[in-house]
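Okay, here's what each chain looks like letter by letter:
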Amino acid sequence: MNQEHESVSGQSVIEKSKDDSLSILVVSGRSGSGKTSVLNILEDLGYYSIDNLPLSLVPNAAHKLVGESSIRRIALGVDIRTPRADLSKFDAIYDSLKQTYGTQAVKVVYVTAQESTLVARFNATRRVHPLMAQDIDSDNAKHIAFNLPAAIKKEVELLEPIASHADIKIDTSNLNIHQLKDTLREHVGMDNQIVINILSFGFKYGSPIDADFIFDVRILPNPHWNPDLRASTGLDSEVGEFFADYPEVAEMNDDIAKFLTRWLPDFLHNNRHTVTVAIGCTGGKHRSVFITDNLQRRLADSMPAGLKVVAKHREKSRW
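What you see is a predicted model; the values in this text were computed from it and never measured.

## Re the overall build of the chain
- When helices and strands are tallied, the chain shows twelve helices and eleven strands.
- Within the chain, residue pairs in contact and separated by at least 24 positions form 79% of the contacts whose partners lie at least 6 positions apart.
- Within the structure as shown, the chain displays about 16,500 Å² of accessible surface, and the carbon and sulfur contribution to it stands at 48%.

## Quick word on the sheet that holds strand β11 (residues 307–313)
- Taken in spatial order, the four strands line up as β9-β10-β8-β11 in an open sheet, and their pairing is parallel. The outermost strands of the open sheet, each flanked by one partner alone, are β9 (213–216) and β11. Across the sheet, the mean angle separating the axes of adjacent strands is 20° when strand polarity is ignored.
- In this sheet, strand β10 (residues 274–281) lies alongside β9 in parallel orientation, the contact comprising four bridges. Opposite F215, over in β10, you have I279 as the bridge partner.
- Running at roughly 165° to β11, helix α12 (residues 287–302) makes contact with β8 (194–202), β10 and β11 of the sheet.

## Comments concerning the environment of A231
- Here A231 shows up in the loop between β9 and α10 (237–244).
- The exposure class of A231 is exposed, given its relative accessible area of 69%.
- Expressed as a C-alpha distance, the spacing of A231 and H286, which sit 55 residues apart in the sequence, is 9.7 Å.

## A short note on the packing of helix α5 (residues 115–125) against helix α7 (residues 148–158)
- Contact geometry of α5 with α7 gives a least axis separation of 11 Å together with a crossing angle of 125°. It follows from the interaxial angle that α5 and α7 lie oblique. When the axes of α5 and α7 are compared, the crossing they make is right-handed. Seen from α5, the contacting residues are E115, L118, V119, F122 and N123; seen from α7, they are L148, P149, I152 and K153.
- Residue composition of the contact of α5 with α7, grouped by class: six nonpolar, one polar and two charged.

## Concerning the nonpolar core
- Judged by nonpolar contacts, the single largest core of 32 residues is most densely connected at I24, L97, Y101 and I162.
- Mapped onto this core, the elements with two or more residues apiece are β1 (23–29), α2 (58–68), β3 (73–77), α4 (90–101), β4 (106–112), α7 and α8 (160–163).
- Contact partners of L97, with chain neighbours within four places excluded, come to V26, V58, P59, A62, G102 and V106.
- Residues F243, V275, M303 and L307 belong to the second largest nonpolar core, which totals 28 residues.

## Details of the pattern of salt bridges
- All told, the structure shown has twelve salt bridges when counted by the stated rule.
- We note a salt bridge from K64 to E68, for which the minimum N-O separation is 3.0 Å. In this pair, K64 and E68 are both assigned in helix α2, four residues apart and thus about one turn of the helix distant.
- Residues joined by salt bridges that share partners form a network here, namely K35, D51, D79 and R81.

## Section: the pairing of β8
- Of all nine residues that make up β8, eight are buried, and the element is covered over most of its length.
- Where β8 and β11 come together, seven bridges link them in parallel fashion. When the sheet's bridge partners are listed, I194 is paired in β11 with L307.
- Here eight bridges tie β8 to β10, and the two strands are oriented parallel to one another. For G202, the partnering residue across the bridge sits in β10 and is C281.

Calculation criteria
- Residues numbered from 1 in each chain as written.
- Predicted model: local features only at pLDDT ≥ 70, side-chain atom pairs only at ≥ 80, totals over all residues.
- Heavy atoms only, no water.
- Helix = DSSP H or I, 4+ residues; strand = E, 2+ residues; numbered from the N terminus.
- Contact = heavy atoms within 4.5 Å.
- Areas by Shrake-Rupley, 256 points an atom, 1.4 Å probe, with all protein chains shown as cover.
- Pairing = 2+ DSSP bridges.
- Axes fitted to C-alpha atoms, helices over the stretch in contact; angles between N-to-C directions.
- Buried < 20%, exposed > 50% of the residue type's maximum accessible area, 1.4 Å probe, protein only.
- Parallel < 35°, antiparallel > 145°, perpendicular 65-115°, else oblique.
- Left-handed = near helix turned anticlockwise from the far one by under 90°.
- Nonpolar A, V, L, I, M, F, W, Y, C, P; charged D, E, K, R; others polar.
- Core = buried A, V, L, I, M, F, W, Y, C linked by side-chain atoms within 4.5 Å.
- Salt bridge = Lys/Arg side-chain N within 4 Å of Asp/Glu carboxyl O.

Following this line, the structure appears as C-alpha cells:
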C-alpha cells in the first residue's frame, strides 16, 4: 500500500479545486461499503457520475466527457463486476489518465469498511455479494462458489490493483450518509452549498407542491383594485410606493425575513441541496412578487456562505 495515501481521518490529498479545474475521480471499493452512495453524493456536488463502468472503458469515457463535452468534474465507478482482465491492467490505465489529464486532475477514491460491518450490511439488506453469484478461477478455469465471508476476502485480493493507488481511502464502517457527504466535500475541496428559492405564486393557480415553506400574504392590501396599478407588477416602483403607505406590508416582510434568517442556515447541516420558500397571493402578480423580491435582496446580504438565495416568479408568464 502506498504510504502517501490518506485515510478518512487524515488530511485530504486533493487540493482545493477552483470551479474550472478538471477533476476525474475513479471511484471503487468493496461491495457493501457505500461506493454507490459516494457516486450519488458526488453527483449532487456537481460531478457527472457513471457507475459500473468496465475499467477498460474508463479512458474512452474520460475522453468523451472531457474532450468532446467539456465536462470538468467526472466520477467513474469501477468495482468487482468489471472483467478480471481489466483489473490486472489498472496500472497502465491509471498512468495513461494521469499523463493525459495531469497528476492533480486524476484521483482514485477507494471505499471500504470493516469485514464485520460488510457482513452485517449484506445480512440486513439480503443482497447477494457479486462473487457469490458466480466466479471463475482464471488460473484453473473452473467455477467457484463463495460463501459471504469468503467472497468478502476474495474481493480484497481482486481489488488490490485499484486499492494500492488510492489517493483517498474512506472507511464507512462508522459513518452515516451525512458524515459521508461531509467527508467527501472535505476531500474534493467543495463547500456545501444550498440554493434557497424564494418563489412567488398565485393561490388561484394552485399551491406549489414542492415548497418547504408557504407564506400567505393575501391579508395585505391588494394593488389589483387600484386601476392605475392593475397592469403593473410587484417589481415596479409604483407598486412599491403603494405598499409604502401600509406599515403592515413592512411588518409582514420583517416577520418572514426574521423567521428565515433564523432557520435557513440550519439546512446547511441537514444534507439538503435546495430549499423552496413560497410566497403566495391571489394572482401571483403584486403582493407575493413584491415580498419575494424584497426577501431575496435582504436574505442574500445576511445568509452565511453556502446559502445562495434566488428569486423566482411562477406566474410571470401570466403577467
